[in-house]
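# Summary of the model geometry
One letter stands for each residue in the lines below.
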Amino acid sequence: MQTSRRDFIKASAVAGAGFLVACGNTRKQARASALEGVAVAGIGVGGKGGGDITHAGYYGKVVALCDVDRRTLEGKKNEFKDAQTFVDYRELFDTLGDKIDACTISTPDHMHAIITAAAIKRGKHVYTQKPLTRTIYEARWLGELAKKHGVCSQMGNQGSVDDGLRKNAAQYRAGVIGEISEVHVWTNRPIWPQAPNRTMTMERFTEQTKKDEDDPEVVNELLEEKRQQIAEALKNLDWDAWLGVAPKREFWPGDYHDFRWRGWWDFGTGALGDMACHNVNMIFKAVDLRNPTSVVATSSGHDFDSFPASSTATFEFPANDWRGPIKFVWYDSSQTPAAELTSKYGFKNVGDNGTFVIGSKGAGLNGEFHAEDGKPLARIPEDKTEFVIAPIDDQGRGDDARHKYEWFTAIWEGKPEICWSNFPNHAGPLTETILLGNLSIWTAANGQGEKVLWDAEKLRILNLDELKTPGVADLVKPVYQNGYDPIDELF
């Protein structure tokens, strides 16, 4: 089995579609002639998006900024004074479609796919935040589009360029703990509200206020204060543009924009979508953790509107042509694997976020490798693995900026495969895997979910007719609302 693994690695590296796509083993320096050659638009420029477009500005020229929040837009305009500003990405493309080369896209999850697809179809290179999409079909769609149009794509799981992450992936791939059979990944997320019965409207607020207050004058004052708060917020926020492809709902201060959208099924992907693109990234690359055949979840309960406060999901991956089958378990809300499982290999403190991997020779936890007796396992010499360093600029900037530098290096050299998190080979399949877990969590509204059998090639639920939970198929492929262009048919 070891021989077939090594042969597979070598073949994959040559093909450019396997473990670590070829980007060279030397640190690439930024070329002065390239620095002003790429015109970039930032779509979603608050929070993480603000950092994304700032980093893109290190290597290209920022010519456009787009955000549905006018205050955010004005603030970023102070940094890029020559950039044109837009509230609607469609207006940006209509106005500057032939004057931009690349886009950073850092909106709420539900808008990733529609905006990214529009950019790719216009031949723009794209850097889209994680998770790549809100639903499974959208992830495949973007991968196919990026491949068809030959653009350089990168999903925003910036840890991908970290030398330690890549070295650990290479160690697992080369067999440091032997044949891998089991993977456990966990996070302390969510750090935002998730639980049933959270939706607030003016009608509900009125009812609650009247119930809590006996004085009609006080009630009227509180209601008027809330109306003014909403009106003030909507002076700066284009709520219809924020909703985009999602079903209409009433704006409520603090519940959606500008961060808590992650906890809503219509807009976000919960803790799994937020963190798995980081925490699963390394082991996904190491063992091709793609194309699961089934998944089943448990949760603290949800109402099909807000994600549950906590959940777990167990995936089954079949053997492929170089490794055996793998069981993968996801935990959120600071849940972790059973202590007896990790302590068996000498790991006692697993932390709030981690990856624990079991193999035939031992186990690994966050870059440490132990035999079953708890003694450290020797790392495989790097020249015997497929470790490939990410490009780094001459300023030695941190991983977040370096991740954009890898993307720009791909653009400058015309080699989409340079990007670790390119859509066709990595980000798309990783997102598909992760979001299948959300599909199983959807069925766990009452605690114990239904087992979902999955056809990864055709993106089909094999036992859909047997599932009792309504609406499951909508998490495979959504129907865009409000007049937006539909998703292209892939099959």
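Reference entry: report on the structure contained in this document. These numbers come from a predicted model, not from an experiment.

## Some thoughts on the sheet that holds strand E13 (residues 368-370)
- Spatially, E13-E12-E11-E7-E10-E9-E8-E14-E15 is the arrangement adopted by the 9 strands of the open sheet, whose pairing is mixed. The open sheet has two edge strands, E13 and strand E15 (460-461), and neither has a second partner.
- Bridge analysis of strand E12 (residues 363-365) against E13 gives 3 bridges, and the strand direction is antiparallel. The partner of Gly364 across the bridge, within E13, is Phe369.
- Contacts from helix H15 (residues 423-442) reach strand E8 (294-299), strand E9 (311-317), strand E14 (452-455) and E15 within the one sheet, and its direction differs from that of E9 by about 125 degrees.

## A short note on the side chain of Glu432
- Tracing the backbone shows Glu432 in helix H15.
- Residue classification places Glu432 among the buried residues on the basis of a relative accessible area of 9%.
- Dropping the residues within four chain positions of it, Glu432 is found in contact with Ile136, Ala139, Arg140 and Leu459.

## A look at the environment of Gly60
- The residue Gly60 is located in the loop between helix H2 (48-59) and strand E2 (61-66) in this model.
- With 106 residues separating them in the primary sequence, Gly60 and Arg166 have C-alpha atoms 26 Å apart.

## Remarks on helix H9 (residues 216-236)
- Over its 21 residues, H9 runs 31 Å from end to end, which matches the ideal 30 Å to within 8%, given 1.5 Å per residue.
- When H9 is considered as a whole, its buried residues turn out to be Val219, Leu223, Lys226, Ile230, Ala233 and Asn236. Axial view of H9: buried residues confined to an arc of 155 degrees, hence all on one face. Exposed and facing more than 90 degrees away from the buried side of H9 are Glu217, Glu221, Glu225, Gln228 and Lys235.
- On the buried face of H9, the contacting elements are helix H3 (70-77) and helix H8 (202-212).
- For H9, the capping residue at the N-terminal end is Asp215, with a side-chain oxygen 2.9 Å from the backbone nitrogen of Glu217.

## Remarks on the packing of H8 against H9
- Contact geometry for H8 and H9: axes closest at 10 Å, N-to-C directions at 155 degrees. Between H8 and H9, the angle falls in the class roughly antiparallel. By crossing handedness, the relation of H8 to H9 is classed as right-handed. On H9, the residues that touch Met202, Phe205, Thr206, Thr209 and Lys210 of H8 are Val219, Leu222, Leu223, Lys226, Arg227 and Ile230.
- Taken together, the residues that form the contact of H8 with H9 break down as 6 nonpolar, 2 polar and 3 charged.

About the cut-offs
Residues numbered from 1 in each chain as written. Predicted model: local features only at pLDDT ≥ 70, side-chain atom pairs only at ≥ 80, totals over all residues. Heavy atoms only, no water. Pairing = 2+ DSSP bridges. Helix = DSSP H or I, 4+ residues; strand = E, 2+ residues; numbered from the N terminus. Contact = heavy atoms within 4.5 Å. Axes fitted to C-alpha atoms, helices over the stretch in contact; angles between N-to-C directions. Buried < 20%, exposed > 50% of the residue type's maximum accessible area, 1.4 Å probe, protein only. Expected span 1.5 Å × (residues − 1). Arc of directions from axis to C-beta. Polar contact = N/O pair within 3.5 Å; in protein donor to acceptor, adjacent residues only side chain to side chain. Parallel < 35°, antiparallel > 145°, perpendicular 65-115°, else oblique. Left-handed = near helix turned anticlockwise from the far one by under 90°. Nonpolar A, V, L, I, M, F, W, Y, C, P; charged D, E, K, R; others polar.

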